[in-house]
Amino acid sequence: MDPSTVAAHWEANAEAWTRHSRAGYDIYRDALNTPAFLAMLPPITGLQGLDIGCGEGSNTRQLARLGAKMTAIDIAPTFVRHAQDSEANEPLGIRYLHGDGMALPFAEASFDFATAFMSLMDMPNQQAVLQEAYRVLRPGGFLQFSILHPCFVPPRRRNVRDADGIPRAVEVADYFEETDGAVETWWFSTLPAEERSKVEPFRVPRFHRTLSDWVAMIVGAGLVIEAFGEPRATEAQADAEPVIADTRVAPIFLHVRARKPG
């Protein structure tokens, strides 16, 4: 899929995505994925950071609250506008820019670290993004990113539930089938039916790669992998937010931290 088409899909998603995520319907993000990502993050106080594919800026703001001096970029102008509005209402010193993660508009060695929350798997050329991240990192800097877990969320996935609706297993298929822009349509799973009737579902181009592909691309960009994370809900978290209980069966997300040699 052409990058301009990918950008058009995300621009079309951006208004509803911002409204629904800020209303608390992105349960996987808020209850599990982002907290686990931040728990895995090294200390960033006082560091210059870049958030690649920042969306409406919620995660970028969490990084700024941890003391980082943040710049963020996204391909959808509406996402950038909403992020800039949040910054205007509650300044945290974040600079939000419209741009493409596959061609970062920054000089070499501009940042101490970079992050990408659930964005790299939605970009047509992940190798280019990783190479760009390497280029803009200072020696010794790191990239930490989250993606759908390649092994447990391939193009076909289904939760297997018992009679009480509790997830007991995960059925997966087509793991080795790379996708280059197959459009998936969905809403946040907790979005009420009344709200679904008012908006079109998100249309998200999918660029699935195997785990070995990801490792090869990271290493090929010159980065050294130093940590993997596979967030799993605790029993208490699953009781509080049943929608994330399936992560106790198998992980949905993969977190990776890789470093530019110093």
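Look up: the structure comes first, before these words.
How each quantity is defined
Every chain's residues receive numbers from 1 upward, in the order its sequence appears when written. Totals for whole chains, interfaces and linings use every residue, but because this is a predicted model, local features are given only for residues with pLDDT of at least 70 and side-chain atom pairs only at 80 or more, for both listing and counting. To obtain the side-chain values, all non-hydrogen atoms of the structure were included, while hydrogens and water were left out. Helical segments are the DSSP runs of H or I of at least four residues, strand segments are the runs of E of at least two, and each set is numbered from the N terminus. Only protein chains enter the calculation, and the probe is 1.4 Å; a residue is then buried if its accessible area is under 20% of its type maximum, exposed if over 50%, and partly exposed in between. Side-chain atoms within 4.5 Å link the members of a nonpolar core, which is a set of buried Ala, Val, Leu, Ile, Met, Phe, Trp, Tyr and Cys residues. Contact criterion: two residues are considered in contact whenever any of their non-hydrogen atoms come within 4.5 Å of each other.

On to the environment of Ala 163. Within the secondary structure, Ala 163 sits in the loop between strand E6 (156–161) and strand E7 (167–173). Given the relative accessible area of 85%, Ala 163 is considered exposed. Remark: the alpha-carbon pair of Ala 163 and Trp 214, spanning 51 residues in sequence, is separated by 37 Å.

With that settled, the discussion passes to the nonpolar core. Of all hydrophobic cores here, the largest spans 29 residues; its most connected members are Leu 50, Ile 52, Leu 120, Leu 130, Leu 143 and Phe 145. Where this core is concerned, the elements lending two or more residues are strand E1 (48–52), strand E4 (111–117), helix H5 (126–136), strand E5 (137–148), helix H7 (211–220) and strand E11 (253–259). With five residues, the single largest contributor to this core is H5. Beyond its immediate sequence surroundings of up to four residues, Ile 52 is in contact with Ile 73, Gly 101, Leu 104, Ala 114, Thr 115, Ala 116, Phe 117, Ser 119, Met 123, Val 129 and Ala 133. The next biggest cluster of nonpolar side chains, apart from the first, holds 17 residues, and it includes Leu 41, Ala 83, Ile 94 and Tyr 96.

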